[in-house]
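So you can see what is in the structure, the chains are spelled out below.
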Amino acid sequence: TEHLLIDAGGHPMAAGFTIETRYLKILKSRLEEIAQRELTEEKLKKVLKIDCEIDLEEINWELYDKICQFSPFGIGNPEPVFLTSGVEVKEIRPVGMDGKHLKLAVSRQPSAVSFDAIAFGFGNWAAKIEPGDKLDIVYNLLADSWNGQERLQLKIKDLKIPQ
């Protein structure tokens, strides 16, 4: 395939190249052949890496400040991802255009510690869960500022109903 390209390059997460228009169909065909051969179901499965399981009681501004010391986050330096099992849903409501997102308040017994959480793209869960239900949640920490007050919020990356 390289002989079709005039130039190629880019950073590790990019695939920049230059090709003459007359070779586009050939390149497309070769790329489809390679994809058919190389891309298995296992390679296409989305994997969410969890860094640490923590209790809600461990979440505070000191932890958030320590995490911020490792920023900036991005490719090669992902933001830490946490798991907390068995949180109780206190409040739930769809938000955003067409209820596409989910706003939650969660806590974990026996502590009275409670956090607001936002789950982008999880609006369909509003019909699946209700206050009092238990969830396992995977999230990042987020500093949320509203009405001049700053508070920690959970930015949910995934959730499931425990078995």
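Up top you'll find the structure we're talking about.
Residues numbered from 1 in each chain as written. Predicted model: local features only at pLDDT ≥ 70, side-chain atom pairs only at ≥ 80, totals over all residues. Heavy atoms only, no water.

1. Regarding the overall build of the protein
Step number 1: A count of helical and extended segments in the protein gives three helices and eight strands.
Step number 2: Relative to the globule expectation of 15 Å for 163 residues, the C-alpha radius of gyration of the protein, 22 Å, shows a markedly less compact shape.
Step number 3: Each principal axis of the C-alpha atoms in the protein carries an extent, and together these give about 65 × 35 × 30 Å.
Step number 4: Burial analysis of the protein (163 residues in total) assigns 28% to the buried set.
Step number 5: Nonlocal contacts in the protein, meaning residues at least 24 apart in sequence, comprise 55% of its contacts between residues at least 6 apart.
Step number 6: In the structure as shown, the protein presents an accessible area of about 11,400 Å², 53% of it carried by carbon and sulfur atoms.
Step number 7: The protein carries 21 positive and 26 negative side-chain charges, and their two centres are separated by 5 Å. (Helix = DSSP H or I, 4+ residues; strand = E, 2+ residues; numbered from the N terminus. Rg over C-alpha atoms; globule rule 2.2 N^0.38 Å. Buried < 20%, exposed > 50% of the residue type's maximum accessible area, 1.4 Å probe, protein only. Contact = heavy atoms within 4.5 Å. Areas by Shrake-Rupley, 256 points an atom, 1.4 Å probe, with all protein chains shown as cover. Lys, Arg positive; Asp, Glu negative; His and termini not counted. Charge placed at Lys NZ, Arg CZ, Asp CG, Glu CD.)

2. Topic: the packing of aromatic side chains
Step number 1: According to the stated counting rule, one finds two aromatic pairs in the structure shown.
Step number 2: Taking the centre distance of 5.6 Å and the plane angle of 85 degrees together, the rings of W61 and Y64 count as edge-to-face. Within this pair, W61 and its partner Y64 are both found in helix 3 (residues 61–68), separated by three residues, close to a single helical turn.
Step number 3: Overall, Y64 belongs to the buried group, its relative accessible area being 19%.
Step number 4: For the ring pair F82 and Y139, a centre distance of 6.2 Å and an interplane angle of 40 degrees mean the geometry is tilted. (Phe/Tyr/Trp six-rings, centres within 6.5 Å; stacked < 30°, edge-to-face > 60°.)

3. A few points about the environment of K49
Step number 1: Along the chain, K49 falls in the loop between helix 2 (41–44) and strand 3 (52–53).
Step number 2: One polar contact links K49 to D51, side chain to side chain, over a distance of 2.9 Å. (Polar contact = N/O pair within 3.5 Å; in protein donor to acceptor, adjacent residues only side chain to side chain.)

4. Let's talk about the side chain of E88
Step number 1: Looking at the secondary structure, you find E88 in strand 4 (residues 82–95).
Step number 2: A residue is classified by how much of its surface remains accessible, and E88, at 16% relative accessible area, is buried.
Step number 3: What E88 contacts, discounting residues up to four positions off in sequence, is A105, V106, S107, Q109, G132, D133 and K134.

5. Observations regarding the pattern of salt bridges
Step number 1: For the coordinates displayed, the defined rule picks out eleven salt bridges.
Step number 2: Of the charged contacts in the structure, one is a salt bridge between R151 and D116, with a shortest N-O distance of 2.5 Å. Taken together, the residues span a long stretch of sequence, with R151 in strand 8 (residues 149–160) and D116 in strand 6 (residues 114–119) at a distance of 35 residues.
Step number 3: Residue class for R151 comes out partly exposed when judged on its relative accessible area of 29%. (Salt bridge = Lys/Arg side-chain N within 4 Å of Asp/Glu carboxyl O.)

6. Some words on the nonpolar core
A general tendency of soluble globular proteins is for nonpolar side chains to be buried together.
Step number 1: Among the nonpolar cores identified, the biggest contains 25 residues, and I59, L104, I137, Y139 and L154 are the most heavily contacted of them.
Step number 2: In this structure Y139 touches I54, L56, I59, P80, V81, F82, L83, T84, L154, K155, I156 and K157, once residues within four positions along its chain are discounted. (Core = buried A, V, L, I, M, F, W, Y, C linked by side-chain atoms within 4.5 Å.)

Geometry only, nothing functional implied.
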